[in-house]
Each structure stands twice: as structure tokens, then as C-alpha cells.
Amino acid sequence: MTGGPGSGLARLSLNQKTTNRWSVAEAVQGCVRAGLPAIGLWREPVHEIGVRAAVQLVTDAGLRVSSLCRGGFLTDPTATGRQAALDDNRRAIDEAAALGTDCLVMVVGGLPTGSRDLSRARHSVADGVAALVPYARERRVRLALEPMHPIFCADRGVLSTLSQALDIAECFAADEVGVVVDTFHVWWDPEIMTQIARATGRIASFQVCDWITPLPPDALLSRGIMGDGHIDFRALRRAVEAAGYLGDVEVEIFNADVWDADPDEVVATVTQRYLDVVLDG
């Protein structure tokens, strides 16, 4: 299997979190061995080796960077916290531009410590995005708002539906602010097909992993390999394609058992599952 233009793998990207114990260099070489054409990178492991070294690794391997994760965390109500968040997001924008991706995934942030004011937190996200757009526009990086499942509303993402993310994104040009459709976060939403259609031209990233039950004690690590749970991937994939998204499909899995397994075997499994349950076969 290879990721050439005529291959079923031509759009498949390995998000680095799926093989969490691999360094950037190891993940890049794992993609090469598996014939995958793209990789989704995370800032922390990129920082471990430096942006310049990461760029060189990806370039030498002939891969493209499908996204950089993550920016966001824009809900701090204090002037100091807000400024620190904006400064860090501008650094993330610079890193995305250097890595050659126009997609910076935005995990927008949860409720500030001690706060129960969800409306104010969502307004803070909108204000933060507005403050960042001019900087991102100059560097040709699109801010990709990721709605997260409601179980993460308090601590990670106060945007819980694609509709809420679009309400903010639509205040800006489509190439400035887009949205992430992550199957784990949105599959349950009874309005998801309508909202994906509404997102035509704004989908910046499509990420896949499964919703498995029972959930493990740490809900953050509850993502399953496609086909192990309850999500209809083909229906969602067809919907995002009908909305004009023909970019990379990232496999992003947070799961302790997956992380403990041999990373090459994980890549082989998710590659086959992508062919079997995400594509039309």
C-alpha cells in the first residue's frame, strides 16, 4: 500500500497523538514505512526538536503537514491571561506557517477556574479569534475551531456543537476561520448533517476515530480505532465531501491501550480500518 495519487491512502494522515510515544522523527519515518502521505503534528513534540528541525524532517520525507495542534485556550478572563494566550497563539500561527500547513486546530478552552459563566467564556473565544485573525491572515494560516463533545465543555472546549463553532467562524472569511469536523466530538449531534452542509467551504480538517463503550475512567482517553465503536464514518465522510472538503483525513486517537501497543502495528491497523470503514470500499 502506498499513498500515491491513485491510491486509497492518498488523503490519509496520521495524527501524531495516535502513536503518542513516537517522536516527530519516529512518526515521520512511520508514515514513510506505511506509505502515508501526510502527518498531523502537535506543538509539544515539535518544540522538543525545534521547528526548523521538524520542517526539515517532514520535507526530507516528502510528507505534507495536514494540521498543527493546538492553538486556542482563549477563555481566561484576566488581562494578563488573555494576553499570554494571544501571544502563544501567535507563536502557534508562526509554527504552522513554517511547517507549511494552513490549518491551526483551535481547542478553544473550558470554563475559567471557579467560573460558571458559560456565555461569557464563549464570548471570550469569539473576541480572541477576532484578535488573532489579522495576524493569521498575514501568514496564510486558517484558524480551525474544533467543537468538542459536551463532556469536555467545562475543562477543554466551551464550543460543544458544530453550529456554535460556525456561529463564530461565519463572522470571518472562509479562508480565515474554519471548523474541524472530528467524528468523536460531533457524531451524536442530531443536527450534524445539516451543520456540515452549512459548513460548506469552511471545513479545515476532518478527523476520524471511534466512540467506544463503556468509556474508560479517563474520558480523554476514550477514543477508539475506527470500526471498534458506534460511528458511521462513511456517512460523515460523504457529508464533508459534499460540503466541499477534499483534504486530508486525519486519524487522531487518544487511548491508553493504543498508545501502549507497537506503533507500527497501530499504523497498520488504522490504515486498514480507514480503507474498510471510512472509505466506500
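Details of the structure are given in the entry above.
Residues numbered from 1 in each chain as written. Predicted model: local features only at pLDDT ≥ 70, side-chain atom pairs only at ≥ 80, totals over all residues. Heavy atoms only, no water.

*Asks:* Could you give me a rundown of the overall build of the chain, with the residues and numbers involved?
*Replies:* Counting its regular elements, the chain contains 11 helices and 10 strands. Here the C-alpha radius of gyration of the chain, 18 Å, is about what a compact globule of 281 residues would show, namely 19 Å. Over its C-alpha atoms, taken along the principal directions, the chain stretches across nearly 50 × 40 × 35 Å. Expressed as a percentage of the 281 residues in the chain, the buried residues total 53%. (Helix = DSSP H or I, 4+ residues; strand = E, 2+ residues; numbered from the N terminus. Rg over C-alpha atoms; globule rule 2.2 N^0.38 Å. Buried < 20%, exposed > 50% of the residue type's maximum accessible area, 1.4 Å probe, protein only.)

*Asks:* Mind laying out the sheet that holds strand β3 (residues 64-72), listing which residues take part and the relevant values?
*Replies:* Read once around its circumference, the closed barrel built from 8 strands follows the order β1-β2-β3-β4-β5-β6-β7-β10, with strand pairing classed as parallel. Strand-to-strand twist in this sheet, taken as the mean axis angle between neighbours without regard to direction, amounts to 30°. In this sheet, β3 lies alongside strand β2 (residues 38-42) in parallel orientation, the contact comprising 5 bridges. Directly across from L41, in β3, lies its bridge partner L68. Along the sheet face, helix α5 (residues 118-138) touches β4 (103-107), β5 (142-145) and β6 (177-182) and points at about 145° away from the line of β5. (Pairing = 2+ DSSP bridges. Axes fitted to C-alpha atoms, helices over the stretch in contact; angles between N-to-C directions. Contact = heavy atoms within 4.5 Å.)

*Asks:* Any chance you could break down the nonpolar core for me, citing the residues and the numbers?
*Replies:* With 80 residues, the main nonpolar core has L41, V129, L143, L145, I196 and I203 as its most contacted residues. Ignoring any residue separated from it by four or fewer positions in sequence, one finds I196 in contact with L162, V181, I203, L236, A239, V240 and A243. Of all hydrophobic cores here, the second largest spans 10 residues; its members include C69, V105, F254 and W259. (Core = buried A, V, L, I, M, F, W, Y, C linked by side-chain atoms within 4.5 Å.)

*Asks:* Tell me about the environment of T59, residues and numbers included.
*Replies:* Along the chain, T59 falls in helix α3 (residues 51-61). It is 14 Å that separates the C-alpha atoms of T59 and E26, two residues lying 33 residues apart in sequence.

*Asks:* Would you mind going over the pairing of β4 in detail, with residue names and values included?
*Replies:* Along β4, 5 of the 5 residues are buried, which leaves the element largely enclosed by surrounding structure. In this sheet, β4 lies alongside β3 in parallel orientation, the contact comprising 4 bridges. Within β4, the position partnered with G71 by the bridge is M106. Regarding the hand of the β-α-β motif, the stretch spanning β3, helix α4 (residues 79-99) and β4 is right-handed. Pairing between β4 and β5: 4 bridges, direction parallel. Residue M106 lies in a different strand from β5, and its bridge partner there is L145. Between β4 and its parallel partner β5, the chain crosses via α5, and the hand of that crossover is right-handed. (Right-handed = clockwise from strand over helix to strand, strands pointing away.)

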